[in-house]
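Each chain, letter by letter, is given below.
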Amino acid sequence: MSVLKLKNSYTRALEVFQPLDPRGECVTMYSCGPTVYSYAHIGNFRSFLMADVLRRVLERNGYEVRHVMNITDVGHMTEDHVADATGEDKLAKAARELGTDPFRVARHFEDAFVADARALKLKIYQGGEAGDETLHPRATAHIAEMLAAIQRLIAGGFAYVVPSGEVYFEVAKFPEYGKLSGKVIDDLEAGARVEVRDEKRDPRDFALWKVDAKHLMQWDPHSNVGWEPDDWRRFVQLCPDGVDARIKPGFPGWHIECSAMSRARLGPVIDIHTGGEDNIFPHHECEIAQSYGAYHTHVPGPHGAPDEGAPRNTFARYWVHGRFLLVNNRKMSKRDGTFFTARDLFNPVAEGRADLARDLEAAGFAGGRVPANVLRYALIANQYTQPMNFSMESLAQARASVERLQIRYDKLREAVGDTGDSSEVASDRVLTLVEGALRDFDDALNDNLNTPNALAAVFKAVGELNQMELGLAEAREALRMMESFNDVLDVLDTTARSGLITREQVQSWLEPESLRSKAAHLKHWAEAPDREQLWERIEAGQLPAFDELAPVEQMDGAMIELFVAIRQNARKAKDFATGDAIRDDLKKRGVQLEDTPQGFRWVRG
RNA sequence: GGUGGCGUAGCCAAGUGGUUAGGCAAUGGUUUGCAAAACCAUCACACGCGGGUUCGACUCCCGCCGCCACCUCCA
């Protein structure tokens, strides 16, 4: 298997991945998570999905991944042109609009985020990980760790307290500030847009602790006011001598939270830190400076890198940043109507966006709604190193692509069926195909998560399989391959949603005895109001009107089989109008029926 | 102004100093009672423009043009 390589923002080079774990087994990964003052948009999710694909690829390479993604519930400033703490916090703004306290607002949006993340199959919210609180730390629950770090920064001379009671990191004390982002210090100083705050020693200095009476979330560093009891107890343990007396009640700065949470959950140094490209500066630049200042964190350059073994003064060895998602080649904008949350696409009407529902309907989305697996595909189909231009058309292409994969997958499942083990051995042509496709898939993903090439390998394999008649063992191998692809892609509906009915089976069901026994165990059928009459007609081999069978909301296998039998009876009598009517009716009820040389294929959609 | 990046056939999107990426769409055909699915073919003598290096450049170098992002909370 090929070796995983990642584009490291820190060195701007493609580097071989090598975990810090001396056993080479465990990987620690921290992803900058959502700020929960609104619903997460598709750009947010592109970034989170990049992290999701990365951790799945790591697992594919045999690593055990401990992945942490935080919840930023402290909030950030909203008045972007007003420097520092004079603006209103975004969470506070949301709270004012929702008429409740900021903690509840944050929880509301966090819950919404989790629901969306689950729908999009973020593995960190699947299974056991979903309930593991340690993997989803909240910023408000780590004020103790943040203040402890701030105190260390002050004690070490990396930070200073100003008369207002705020604390700033002194950038001049960390000469490597700017290394990650490539920002030249002089450029920043020249930036006239940064309103110089008198209290700062240098305009580039950034806030670690802020004081603003208007802010709704407040913690007193010198008493338990504003604290959850557990958090306060922990703070006292972490800082038995308290923090600098000049620090006044307030709230943490923008960047300290991730340093604190990463350290608390994953330890002093980690393998991978991910985020969006906008995080590079200033957020991650500041994280690096803080962590070094407080704890002198450093990691060795990985094997094969020019600085192999030499210390990098950062707490993460690999910095991986996803490029932005654009709409109409611009950043998303609410004003231009190019701003989409995930739930806008899942159910536009419920989000008050009937216009979007119409556009989606026009793009071929039934009911004007985008299935989550289609959105997932659309957001991972491009390589993360390139900006992605999102559009109705790209969504429609994703839908078609997913459908092509799903159809192939369904047919393989049908071919394999429930049959147990078989001594039959797959032919070399299929074994070679599967082996080659999986190798190409892995090679592409290991090449800096090149998902377009990985998908090319998938579709090449699908195309070749579509040209073949597969035996049982071959279908089983091919199915195994598709499932392996899906371990990373996770876009397939893996429930048994389709079936194949042979002509022989249908023929036997048309016998009155068989038909009656088939009908008898159908609960819905038995509840039909005029069932005696219908019963007689069925026994006579007659076709009841489809509506007479309503309400049949759940088309289970037996129900579908019954209708297939009735339809085939009509077709045998060359009554194609009736046959087609049944097929159309089934479609309305979410079941697609296809005639194949072997028999009849049904797909629940 | 500073920094980083991008411009590949109708659309999306990999990749390479010299043999078909892949997907989507469209059109024609095979198959089908009709569909669906699938296959085949076409669109494809594709690589922003102009120079240069080279036996040969879409790929390397130089110069343009256009677009985007970051530099400010932002995935």
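Everything numeric in this text was worked out from a predicted model, so none of it was measured.

Draft legend 1. Molecular detail of the sheet that holds strand β7 (residues 206-210). The sheet built from four strands is open, its strands ordered β5-β6-β7-β8 with antiparallel pairing. Because the sheet does not close on itself, it has two edges, and the strands there are β5 (159-161) and β8 (251-252). Relative to β7, strand β6 (residues 167-169) runs antiparallel, the two sharing three bridges. Within the sheet, the bridge partner assigned to F169 lies in β7 and is F206.

Draft legend 2. Fine view of the pattern of salt bridges. Summed over the entire model, instances satisfying the criterion amount to 36 salt bridges. Between E129 and R55 there is a salt bridge, and its shortest N-O distance comes to 2.9 Å. Of this pair, E129 sits in helix α4 (residues 127-130) while R55 sits in helix α1 (residues 42-60), and the two are 74 residues apart along the sequence. Here R583 and D595 are joined by a salt bridge, their closest N and O atoms 3.9 Å apart. Highlighted residues: R583 in helix α22 (residues 576-588) and D595 in strand β17 (residues 591-595), separated in sequence by 12 residues. We classify R583 as partly exposed; its relative accessible area is 29%.

Draft legend 3. Quick peek at the protein's contact with RNA strand B. Looking at RNA strand B, there are 54 residues lining it, with G276, R330, K331, K411 and N453 nearest. In RNA strand B, the atoms that sit within 4 Å of the protein are 63% sugar and phosphate, with bases accounting for the remainder. A distance of 2.9 Å separates a base nitrogen of RNA strand B from a polar backbone atom of G43. At 2.3 Å from a sugar or linking oxygen of RNA strand B is found a side-chain nitrogen or oxygen belonging to K411. Top contributing element to the surface near RNA strand B by residue count: helix α13 (residues 392-416), with seven residues. Of the residues assigned to the surface near RNA strand B, the class counts are 15 nonpolar, 21 polar and 18 charged.

Draft legend 4. A look at the sheet that holds strand β9 (residues 270-276). Pairing in this open sheet of four strands is parallel, and the strands run β4-β3-β9-β12 from one edge to the other. The sheet terminates laterally at β4 (64-69) and β12 (316-322), the two strands that pair on one side only. Sheet twist, expressed as the average angle between the axes of neighbouring strands with direction ignored, equals 20°. Strand contacts of α1: β3 (26-31), β4, β9 and β12, with the helix running at about 150° to β9, the strand carrying the most contacts. Sitting on the sheet, helix α8 (residues 256-266) touches β3, β4 and β9, and the angle it makes with β3 is about 155°.

Draft legend 5. Seen up close, the packing of aromatic side chains. Counted according to the given criterion, the structure contains 20 aromatic pairs. Ring geometry for W227 and F235: centres 4.9 Å apart, planes at 10°, overall stacked. The exposure class of W227 is buried, given its relative accessible area of 9%. Ring plane angle 55° and centroid distance 5.6 Å describe the contact between W232 and F235, whose orientation is recorded as tilted. You can see W232 and its partner F235 sitting in helix α7 (residues 229-238), three residues apart, about one turn around the helix. A relative accessible area of 2% places F235 in the buried class.

Draft legend 6. Representation of helix α12 (residues 372-380) in the model. Across the nine residues of α12, eight count as buried, placing the element largely inside the fold. Along α12, the positions that sit buried rather than exposed are A372, V374, L375, R376, Y377, A378, L379 and I380.

Draft legend 7. Highlighting the environment of Y377. By the element assignment, Y377 lies in helix α12. On the basis of relative accessible area, Y377 is assigned to the buried category, the value being 6%. Separated by 113 residues in the primary sequence, Y377 and D490 place their C-alpha atoms 8.4 Å from one another. In this view, Y377 contacts A398, S401, V402, L405, L455, F459 and V491; residues no more than four positions away in its chain are not counted.

Draft legend 8. Molecular detail of the pairing of β7. Most of β7 is tucked away, with five of its five residues classed as buried. As defined by bridge partners, β7 adjoins β8 across two bridges and the pair is classed as antiparallel. From the neighbouring strand, K210 faces β8, where its bridge partner is F251.

Draft legend 9. Just the environment of A289, in detail. Relative to the helices and strands, A289 resides in helix α9 (residues 280-295). On the accessibility criterion, A289 (0% relative accessible area) is buried. Note: C-alpha distance between A289 and N70 (219 residues apart in sequence) is 20 Å. With residues near it in sequence (within four places) discarded, A289 still touches F169, F174 and Y177.

Draft legend 10. Layout of the packing of helix α21 (residues 557-572) against α22. Where α21 meets α22, the closest approach of the two axes is 7 Å, and the angle between their N-to-C directions is 155°. One way to sum up the angle between α21 and α22 is to call them roughly antiparallel. When the axes of α21 and α22 are compared, the crossing they make is left-handed. Touching F563, I566, R567, A570 and R571 of α21 are F576, T578, G579, I582, R583 and L586, all from α22. Split into classes, the residues belonging to the contact of α21 with α22 amount to six nonpolar, two polar and three charged.

Draft legend 11. Representation of α8. Within α8, eight of the 11 residues are buried, leaving the element largely enclosed by the surrounding structure. Among the residues of α8, those classed as buried are I256, E257, C258, S259, A260, M261, S262 and L266.

Draft legend 12. Spotlight on the packing of α1 against α12. Two elements in contact, α1 and α12, have axes whose closest approach is 9 Å; the angle formed by their N-to-C orientations is 80°. By the angle between their axes, α1 is roughly perpendicular relative to α12. Here I42, F45, R46, L49, D52, V53 and R56 of α1 come into contact with α12, specifically with L375, R376, L379 and I380. Class assignment for the residues of the contact of α1 with α12 results in seven nonpolar, no polar and four charged.

Thresholds, definitions, all that
Residues numbered from 1 in each chain as written. Chains lettered and ligands numbered in written order. Predicted model: local features only at pLDDT ≥ 70, side-chain atom pairs only at ≥ 80, totals over all residues. Heavy atoms only, no water. Pairing = 2+ DSSP bridges. Helix = DSSP H or I, 4+ residues; strand = E, 2+ residues; numbered from the N terminus. Salt bridge = Lys/Arg side-chain N within 4 Å of Asp/Glu carboxyl O. Buried < 20%, exposed > 50% of the residue type's maximum accessible area, 1.4 Å probe, protein only. Near = heavy atom within 4 Å. Polar contact = N/O pair within 3.5 Å; in protein donor to acceptor, adjacent residues only side chain to side chain. Nonpolar A, V, L, I, M, F, W, Y, C, P; charged D, E, K, R; others polar. Axes fitted to C-alpha atoms, helices over the stretch in contact; angles between N-to-C directions. Contact = heavy atoms within 4.5 Å. Phe/Tyr/Trp six-rings, centres within 6.5 Å; stacked < 30°, edge-to-face > 60°. Parallel < 35°, antiparallel > 145°, perpendicular 65-115°, else oblique. Left-handed = near helix turned anticlockwise from the far one by under 90°.

Read these as layout, nothing more, since geometry by itself doesn't imply function.
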